[in-house]
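A closer look at the structure
Given next are the chains, with one letter for each unit.
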There are 2 protein chains.
Amino acid sequence: VTTSIAMLLFPRLTQLDLTGPFEVFSRFPSTAISLVAATREPVHSEGGLSLIPTATFSDAPQCDLLFVPGGKGVDAAMLDDMILECIRRQAAGAKWITSVCTGSLLLGAAGLLRGYRATTHWTAIDFLAQFGAVPVRERVVRDRNRITGAGVTAGIDLALAIATELHGSEIAARIEAQIEYGVKPLPERPSNNGRREAVAKAAARLR
Amino acid sequence: VTTSIAMLLFPRLTQLDLTGPFEVFSRFPSTAISLVAATREPVHSEGGLSLIPTATFSDAPQCDLLFVPGGKGVDAAMLDDMILECIRRQAAGAKWITSVCTGSLLLGAAGLLRGYRATTHWTAIDFLAQFGAVPVRERVVRDRNRITGAGVTAGIDLALAIATELHGSEIAARIEAQIEYGVKPLPERPSNNGRREAVAKAAARLR
């Protein structure tokens, strides 16, 4: 494993803020992803989907890339010293510090966006300046080693930008085609021979 | 609750096929979502994220809308009678039968796409005809009460199309803005007063 990614979990996060980028990160070569929370109990997202942590604030390995999602739970998380300390500690050793949606408010509350250009969900853009950040209304904003994404689905764009940064544009384009994102034309003649036998069997049973 | 949505879980599904639409469905008014699997044990997705079922094949309530995701696990699922029976039973009482990505192969294997126009992940489009479906290369395809989406992220488009169908274009557009999807311009002056106090407190602690 060459890259360790830590994705923060907290109650009432917006699950798609995290699951979108997770889908992209999980297709990176030589990468381990930790879902880091206060405990190993399932964490309930805003919409009701539960996510299972794989590490806790105290036992999570030092990451190379820190990822912070947003959601209604950010309001409480911004005032939670356990969460802020975990973010600061991981950020101190990380090469990349990233967030999507209102996750950037949480990075801001941890003091990590002072003097950085950053973005967030469009409904929260006015709050960034209070943390000393320079608000930018773009889908993905990079300033030195901080990369922030706008609301929810912009996390997919953020993760693809990270793919390009870490693994180059060829791998990023391959993942983009795998998840059928964006508007680029796809190959006309698909081939997926690995699946051919299972389809033939299933179709034969149907007749 | 006026709408019951059943989302199928099986080992090695592509989690974003399901979590994208879940994010949209969870914002529907008066809707209950069940994650239906063989047992209540966590189901491991292709990329490693685990999802926790909320119902089993035997105790899931009859749904109004059936949703089937895709993924590498589809190959085994197409030959699994427990899964096919659950799909057929739920489909028989459902008003809407939907899938994203290679989930449509699973609907096909259950005999539910004979004579229907349908789509799937671009790498699998050639397989649809074996189940008697008429393959269409579009992001979302509706034919009577079958609505199928193309690969992975097309599930978000599928779910927004379902939002329009079930709740009208105003609610669909509101959800689309909430998750910052698509290219429509967003309001210039956001207001999010519910969050203002938490931000002020967090910023004050930082000084």
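Before reading on, note that the structure itself is shown above.
In this report, we go over the structure that sits alongside the text. Within each chain, residues carry numbers counting from 1 in the order of the written sequence. To label them, take the chains in the order written and letter them from A, then take the ligands in the order written and number them from 1. Where totals are concerned, whole chains, interfaces and linings use all residues; where local detail is concerned, this predicted model gives features only for residues with pLDDT of at least 70, and gives and counts side-chain atom pairs only at 80 or more. Note that the side-chain values use all heavy atoms of the structure and ignore hydrogens as well as water.

**Some details on the interface of chain B and chain A**
How we decide: We call two residues in contact whenever any of their non-hydrogen atoms come within 4.5 Å of each other. When two parts are put together, the accessible area they lose, computed with a 1.4 Å probe and summed over both, is reported as buried area. A pairing counts as a salt bridge when a side-chain nitrogen of Lys or Arg comes within 4 Å of a carboxyl oxygen of Asp or Glu. We define a polar contact as two N or O atoms separated by no more than 3.5 Å, with the added condition that, inside protein, one atom must be a possible hydrogen donor and the other a possible acceptor, whereas residues neighbouring each other in sequence contribute only through side-chain atom pairs. In this description a helix means any DSSP run of H or I spanning at least four residues, a strand means any run of E spanning at least two, and both kinds are numbered starting from the N terminus.
Counting from both sides, the interface comprises 74 residues of chain B and, opposite them, 74 residues of chain A. The contact between chain B and chain A buries some 6,000 Å² in all, and 58% of this surface belongs to carbon and sulfur atoms. On the chain B side of the interface with chain A, the three residues burying the most area are B:W122, B:R195 and B:L206, jointly 12% of the side's total. For the interface between chain B and chain A, the tally reads four salt bridges. Linking chain B with chain A are 29 residue pairs in polar contact (both at pLDDT 80 or more), by the criterion used here. At the level of secondary structure, the elements contributing two or more residues to the side of chain B that touches chain A comprise α1 (15-25), β4 (50-51), α2 (74-77), α3 (81-93), α4 (103-109), α6 (169-178) and α7 (193-206) of chain B. Broken down by element, the side of chain B that touches chain A gets its largest block of residues, 11 residues, from α7(B).

**Side note on unusual backbone geometry**
Spelled out, the test is: Between buried and exposed lies partly exposed: a residue is buried under 20% and exposed over 50% of the maximum accessible area for its type, with that area taken using a 1.4 Å probe on protein chains only.
Even without a glycine there, the phi angle at A:V152 is positive, about 35 degrees. Looking at the element boundaries, A:V152 is found in the loop between β11 (146-149) and α5 (154-167). On the accessibility criterion, A:V152 (2% relative accessible area) is buried. In the Ramachandran plot, B:E180 falls in the positive-phi region, its phi being about 50 degrees despite a non-glycine side chain.

**Looking at α7(B)**
Stated formally: To estimate the expected span of a helix, subtract one from its residue number and multiply by 1.5 Å. For this quantity, the arc is that covered by the directions from the helix axis to the C-beta atoms.
When the terminal C-alpha atoms of α7(B) are compared, their 21 Å separation across 14 residues agrees well with the 20 Å that a helix rising 1.5 Å per residue should span. Where α7(B) is concerned, the buried positions are B:R195, B:A198, B:V199, B:A202, B:A203 and B:L206. Along the long axis of α7(B), the arc covered by the buried residues comes to 135 degrees, so they all point the same way. Seen from the open side of α7(B), the exposed residues pointing more than 90 degrees away from its buried face are B:N193 and B:E197. Contact partners of the buried residues in α7(B): α2 (74-77), α3 (81-93) and α4 (103-109) of chain A.

**Here's the deal with the sheet that holds strand β1 (residues 3-8) of chain B**
Residue and element names in this part refer to chain B. We count it as follows: Should DSSP find at least two bridges between two strands, the strands are taken to pair. Lines are fitted to the C-alpha atoms to define the axes, a helix being fitted only along its stretch in contact, and any angle between axes, read from their N-to-C directions, falls within 0 to 180 degrees.
Read from one edge of the open sheet, seven strands run β5-β2-β1-β6-β7-β11-β10, paired in mixed fashion. Two strands bound the open sheet, and with one partner strand each, they are β5 (55-56) and β10 (140-143). Where β1 lies against strand β6 (residues 65-68), three bridges are found, and the strand directions are parallel. The residue of β6 that forms the bridge with I5 is L65. The strands that α3 touches are β1, β2 (31-37), β6 and β7 (96-100); relative to β6, the one it contacts most, it runs at about 150 degrees. Taken strand by strand, helix α5 (residues 154-167) contacts β1, β2, β6, β7, β10 and β11 (146-149), and its axis lies near 160 degrees from that of β7.

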